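# A look at the structure
If you want the building blocks of each chain, they are given just below.
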Amino acid sequence: LIFNQHNAEDPSLEQAPHRMAQMEPNLDHDVSWFLLPSHWAKMVVALISFLCFANSYDGDFVFDDSEAIINNKDLRAETPLGDLWYHDFWGSKLSSNTSHKSYRPLTVLTFRINYLFAGGFYPVGFHIINIILHCTISVLMVDVFSILLGGLQFSNKGRRINLAPKSSLLAALLFAVHPVHTECVAGIVGRADLLCALFFLLSFLGYCKAFRENKEGHAFSVFWVLVSVILGAIAMLCKEQGITILGLNAVFDALVINKINLLELIRKLLFIKDKSLEHAGLLRKGLLFRITLLMCGGVGILYIRWRIMGTGPPAFTEVDNPASFADSLFVRAINYNYYYSLNAWLLLCPWWLCFDWSMGCIPLIKSVSDWRIIALAALWFCLIGLICQALCSEDSHKRRILTLGLGFLIIPFLPASNLFFRVGFVVAERVIYLPSIGYCILFTYGFSLLSKQAKKKKILAVAVLGILLINVMRCALRSSQWRSEEQLFRSALSVCPLNAKVHYNVGKNLADKGNQSAAIKYYREAVRLNPKYVHAMNNLGNILKERNELHEAEELLSLAVQIQPDFAAAWMNLGIVQNSLRRFEEAEQSYWTAIKHRKKYPDCYYNLGRLYADLNRHIDALNAWRNATVLKPEHSLAWNNMIILLDNTGNLAQAEAVGREALELIPNDHSLMFSLANVLGKSQKYKESEALFLKAIKANPNAASYHGNLAVLYHRWGNLDLAKKHYEVSLKLDPTAPGTKENYSLLRRKLEQLQKKGGA
């Protein structure tokens, strides 16, 4: 559907030339930079953006990747595709009280496709897609910046003309090599920001296509406006920021297509008696109609999202965003503004980068005497200066570029600003992926102004080239830090030494590698920095429990559940410590408290069963372990303990039935094969028992007990030579095994007696 645009004059509007919205003067005239054909410019941008992040292609799953990908059941084939539309980014139900309400089903769908094509959790494929996406976005930025910096004009054949080839190339290069983008590209969960940015840009370019000329003259296409709205909706289904493109399209329409002077428009609406929309210029060229389409589309998208996710706000804690929990409105406002200044600084000087800025990394500003107030003053001094120039400058070209730059800088950042709802972070580098478009516009325009004034333009161009090269090297360095959790977490220690989460993650990484002594040091520091850090207390308590430092472990775990009474894991671990201290009643109570707070908790049922077994409450133990296997059918330890308990209490038939049931569910578990083989041996089913023992030994040939018990089977069976062989293998693997030594001595005496009888 094509609507003709009318050319009625209006005193508040600047006269447009015959071709669509060309900006005068040409920005490239003053820019001392490389001039390349469009396809070469895009190839250069693609190559350089690839070089920046190429070394992240074989990195591991790090940080949030574990929860969003490895532990996310929505990636697995057994989860119905329809569930993705009712789950959040992390695989939790949107209706759950614990959901973060981050609704990004299309991003999760791409993760699922990655997983299916790779045949498992292999990070290379995930990383390659992220790198390709960033390269694609950087190439699209050449077209986007050519419109934002040079204006929108089409040839007689309907092809868009790039009026600022040098400026758009520079801005696209600035975007492609910005180090703050590393988290989005090298961190796999950054896929959400990349996909959002891709459809965000496609929506903008689609909106621009609505203004191609046709045979009838100037016109706009409703079809392309609607396509733009749909692409905006897709962007939002990748990440929430995507919806902001609809507002930016409206700003672009008003400033570039209709050349509205905002200050003049405000003056007319406020001070002139005739306040009709037509007199104000809002009906010219169908602007009001298009903005109505954009608004209706945006409201419809938000309504559908609201119906799917429900009305409940996301559940965040004070450590995630301490300023939002401050009682004083003044403290909240001043800290929010300080966070904005930090985001601006990361765009200007992306040297200090950190995977997480929460938990004390940025202490709260509580009074005006705090020297950091200077950062707020500097931010608003710059913003107010730019806004004044954008509104009041007599140069229409400057007004449009500055307004578009500020629009692309501020509007995509609004969902992360804490203004409309609380967010779950203090500063997050990933959320300034889109706002960096505005930064690149302002930087390029500033460079053009300096070039205009500078006598030695080549020196200025070399300086900008130096900035680009430094950023390329910084991207490569930062990408290498994102390759593994150890490098990523340690890189944050120098940037955020007061961040308890940084110390916690370094400690957790060390503990996973078996370095408990070093892990304890970092866990203790995390607790010192944040005395209410229950997860650090829980992990530290676990390590101390394993080192038999039970009393300190109990103190830490008791404090953790006192601070967070619904912390199920800490209750379970407290129960384990109390069990080890032989305080059985308290341990049982702790286990049941854990189950109360987490109904489906198979590990807790398993530990509860161990407690009952220690107390000779065999029926209760079996019931607890059965509950564990119902909740988690692959819970090998619970199955094993059931078999062993039934075996030890003489219930061989029942033990055999349980063992066979377990092996049907977990056919390759050698410990289950071993336990069932013992039961079958006692039931004199020697052949079947032998087959299971041999299968278990094949799976785990260095288990001394497997060889020892197979030797006992052969001993009973009368296969003495094979018994001798496996006794010797068992003792070689574990020379201190007392039972095996005694049985081997008995066998040797028996063999000696047989030899004597044979000799006689």
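Residues numbered from 1 in each chain as written. Predicted model: local features only at pLDDT ≥ 70, side-chain atom pairs only at ≥ 80, totals over all residues. Heavy atoms only, no water.

Inclusion rule: UniProt positions are given in the numbering used here, feature names are shortened, and annotations may be inferred rather than shown by experiment.
In the nomenclature of an unreviewed UniProt entry, the chain corresponds to dolichyl-phosphate-mannose--protein mannosyltransferase from the organism Malurus cyaneus samueli. UniProt, in its Pathway (unreviewed entry) section for the chain, records the words "Protein modification; protein glycosylation." As stated in UniProt under Sequence similarities (unreviewed entry), the record for the chain gives "Belongs to the TMTC family."

## So, the overall build of the chain
Put simply, the test is: Secondary structure follows DSSP: runs of H or I at least 4 residues long count as helices, runs of E at least 2 residues long count as strands, and numbering of each begins at the N terminus. Burial classification: accessible surface area is computed with a 1.4 Å probe over protein chains only, and a residue below 20% of its type maximum counts as buried, one above 50% as exposed, and the rest as partly exposed. Contact criterion: two residues are considered in contact whenever any of their non-hydrogen atoms come within 4.5 Å of each other. Here the accessible surface of atoms and residues is derived via Shrake-Rupley with a 1.4 Å probe, and residues count as covered only by protein chains that are part of the display. In this tally Asp and Glu are treated as negative and Lys and Arg as positive; neither His nor the chain ends contributes. Taken as the charge centre is NZ of Lys, CZ of Arg, CG of Asp or CD of Glu, depending on the residue.
Counting its regular elements, the chain contains 33 helices and two strands. Counting across all 760 residues of the chain, residues that qualify as buried make up 53%. Contacts in the chain between residues at least 24 apart in sequence constitute 67% of all its contacts with a sequence separation of at least 6. When the accessible surface of the chain is summed, it comes to about 35,200 Å², and 60% of that surface belongs to carbon and sulfur atoms. Each charge sign in the chain was given a centre, from 79 positive and 62 negative side chains, and these centres are 4 Å apart.

## Digging into the UniProt feature "repeat: TPR" (unreviewed entry) in the chain
Here the UniProt feature "repeat: TPR" (unreviewed entry) sits at residues 500-533, 534-567, 602-635 and 704-737. For the annotated span residues 534-567, helix accounts for 79% and strand for 0% of the residues, and the straight-line distance between the end C-alpha atoms is 8 Å. End C-alpha atoms of residues 602-635 are separated by 8 Å, and the span's content is 79% helix alongside 0% strand.

## Section: the state of the cysteines
To keep things clear, this is the line we draw: Pairs of cysteine sulfur atoms within 2.5 Å are identified as disulfides in what follows.
Counted under the stated rule, the structure contains one disulfide. Disulfide pairing is shown between Cys361 and Cys496; the S-S distance is 1.8 Å. Here Cys361 is found in the loop between helix H13 (329-348) and helix H14 (373-392), whereas its partner Cys496 is found in the loop between helix H18 (485-495) and helix H19 (500-512), with 135 residues between them in sequence. Cys496 carries the same exposure label as Cys361, and that label is buried. With no disulfide partner, Cys184 has as its closest neighbouring cysteine sulfur the one in Cys196, 9.9 Å distant.

## Regarding the packing of aromatic side chains
Here the distance between the centres and the angle between the planes together describe a pair of aromatic rings. Formally: Two aromatic rings from Phe, Tyr or Trp, using only the six-membered ring of Trp, form a pair when their centres are within 6.5 Å; if the ring planes differ by under 30 degrees the pair is stacked, by over 60 it is edge-to-face, and anything between is tilted. Two limits define a charge over a ring: the Lys NZ or Arg CZ must be within 6 Å of the ring centre, and within 35 degrees of the ring normal.
Overall, the coordinates contain 26 aromatic pairs when judged by the stated rule. Measuring from centroid to centroid gives 4.7 Å for Phe63 and Phe355, while their planes differ by 75°, and the two rings are edge-to-face. Of this pair, Phe63 sits in the loop between helix H1 (38-53) and helix H2 (65-70) while Phe355 is found in the loop between H13 and H14, placing the two residues 292 residues apart along the sequence. Assigned by exposure class, Phe63 and Phe355 land together as buried. Seen in terms of ring centroids, Tyr727 and Tyr744 are 6.1 Å apart; in terms of plane orientation they differ by 55°. Their pairing is tilted. One end of the pair, Tyr727, is in helix H32 (residues 720-733); the other, Tyr744, is in helix H33 (residues 738-759), and 17 residues separate them in sequence. Residue classification places Tyr744 among the buried positions, given a relative accessible area of 14%. Taken together, the ring pairs in this structure connect Phe61, Phe89, Trp90, Phe111, Tyr115, Phe121 and Phe126 into an aromatic cluster. One Lys or Arg, Arg104, reaches over the ring of Phe89 and ends 4.9 Å from the middle of that ring. Sitting over the face of the ring of Tyr338, Arg372 holds its NZ or CZ atom 5.2 Å from the ring centroid.

## Looking at the confidence of the model for the chain
Filter applied, for reference: The pLDDT score gives, residue by residue, the confidence of the prediction method on a 0 to 100 scale.
In this model, the chain carries an average pLDDT of 88, and 92% of its residues clear a pLDDT of 70 or more. Of all the helices and strands in the chain, strand S1 (residues 2-4) carries the lowest mean pLDDT, 36, while helix H26 (residues 618-631) carries the highest, 96. When the criterion is pLDDT under 50, residues 1-24 qualifies, and its contacts beyond four places in sequence or with other chains add up to 86 contacts.

## Things to note about the nonpolar core
Generally speaking, soluble globular proteins have nonpolar side chains that are buried together. Cut-off, in case you're wondering: Residues enter a nonpolar core if they are buried and are Ala, Val, Leu, Ile, Met, Phe, Trp, Tyr or Cys, with the set joined through side-chain atoms within 4.5 Å.
Within the largest apolar cluster, 215 residues are counted, with the highest numbers of intra-cluster contacts made by Phe145, Leu148, Phe204, Phe252 and Ile437. For this core, the element with the most residues is helix H4 (residues 123-150), which contributes 12 residues.

## Considerations on H4
To keep things clear, this is the line we draw: In this scheme, a helix's expected span is set at 1.5 Å multiplied by one less than its residue total. Fitting axes to the seven residues that end at a residue and to the seven that start at it, the angle between those axes gives the bend at that residue.
Look at H4: 40 Å from first C-alpha to last across 28 residues, which is about the 40 Å you get at 1.5 Å a residue. At Val142, H4 shows its largest kink, close to 25°. For H4, a buried count of 21 out of 28 residues is recorded, marking the element as mostly surrounded by other parts of the structure. Positive backbone phi, at 95°, marks Gly151, one or two positions downstream of H4.

## Describing the pattern of salt bridges
Note the threshold: Any carboxyl oxygen of Asp or Glu that lies within 4 Å of a side-chain nitrogen of Lys or Arg is treated as forming a salt bridge with it.
Counted by the stated rule, this structure contains 27 salt bridges. Taking the shortest distance from any N to any O, the salt bridge between Arg290 and Asp253 comes out at 2.5 Å. You can see Arg290 sitting in helix H12 (residues 287-309) and its partner Asp253 sitting in helix H9 (residues 244-257), a full 37 residues away along the chain. Take Arg290 and Asp253: they sit in the same class, and that class is buried. Across the salt bridge formed by Asp356 and Lys501, the nearest N and O atoms sit 3.3 Å from each other. Here Asp356, found in the loop between H13 and H14, pairs with Lys501, found in helix H19; they are 145 residues apart in sequence, far enough to count as distant. Taking the relative accessible area as the measure of exposure, Asp356 reaches 10% and is therefore buried.

## Brief notes about H32
Rules: The directions from the helix axis to the C-beta atoms are what the arc is built from.
Here H32 contains 14 residues, and its C-alpha end-to-end distance of 20 Å stays within 8% of the 20 Å for a straight helix at 1.5 Å per residue. Residues of H32 that are buried include every one of Leu720, Ala723, His726, Tyr727, Ser730 and Leu731, and no others. Looking down the long axis of H32, one finds its buried residues gathered within 140° of arc, a one-sided arrangement. Within H32, the exposed residues directed more than 90 degrees away from the buried face are Asp721 and Lys732.

## A word on the packing of H19 against helix H20 (residues 516-529)
Note the following rule: Fitted lines through C-alpha atoms give the axes, limited to the stretch in contact for helices. The angle between two N-to-C directions lies from 0 to 180 degrees. When an angle is under 35 degrees it counts as roughly parallel; over 145 it counts as roughly antiparallel; between 65 and 115 it counts as roughly perpendicular; any other value is oblique. Each crossing gets its hand from how the near helix is turned against the far one by less than a right angle, where anticlockwise is left-handed and clockwise is right-handed.
For the pair H19 and H20, the least separation of the axes is 8 Å and the interaxial angle reads 160°. Accordingly, the angle class assigned to the pair H19 and H20 is roughly antiparallel. As H19 packs across H20, the resulting crossing turns out to be left-handed. For the pair H19 and H20, contact is made by Ala500, His503, Tyr504, Val506, Gly507, Lys508, Leu510 and Ala511 and by Ala518, Ala519, Tyr522, Tyr523, Glu525, Ala526 and Leu529, respectively.

## Observations regarding the packing of helix H29 (residues 670-682) against helix H30 (residues 686-699)
Each packed pair of helices is defined by two parameters, the angle between the axes and the distance between the axes. To be explicit about the condition: Ten residue types, Ala, Val, Leu, Ile, Met, Phe, Trp, Tyr, Cys and Pro, are classed as nonpolar, four, Asp, Glu, Lys and Arg, as charged, and the remainder, Gly among them, as polar.
Two elements in contact, H29 and H30, have axes whose closest approach is 8 Å; the angle formed by their N-to-C orientations is 155°. The angle between the axes of H29 and H30 places the two elements in the roughly antiparallel class. In the crossing of H29 with H30, the sense of the turn from one axis to the other is left-handed. On H30, the residues that touch His670, Met673, Phe674, Leu676, Ala677, Asn678, Leu680 and Gly681 of H29 are Tyr686, Glu688, Ser689, Leu692, Phe693, Lys695, Ala696 and Ala699. A class-by-class count of the residues in the contact of H29 with H30 yields 10 nonpolar, four polar and two charged.

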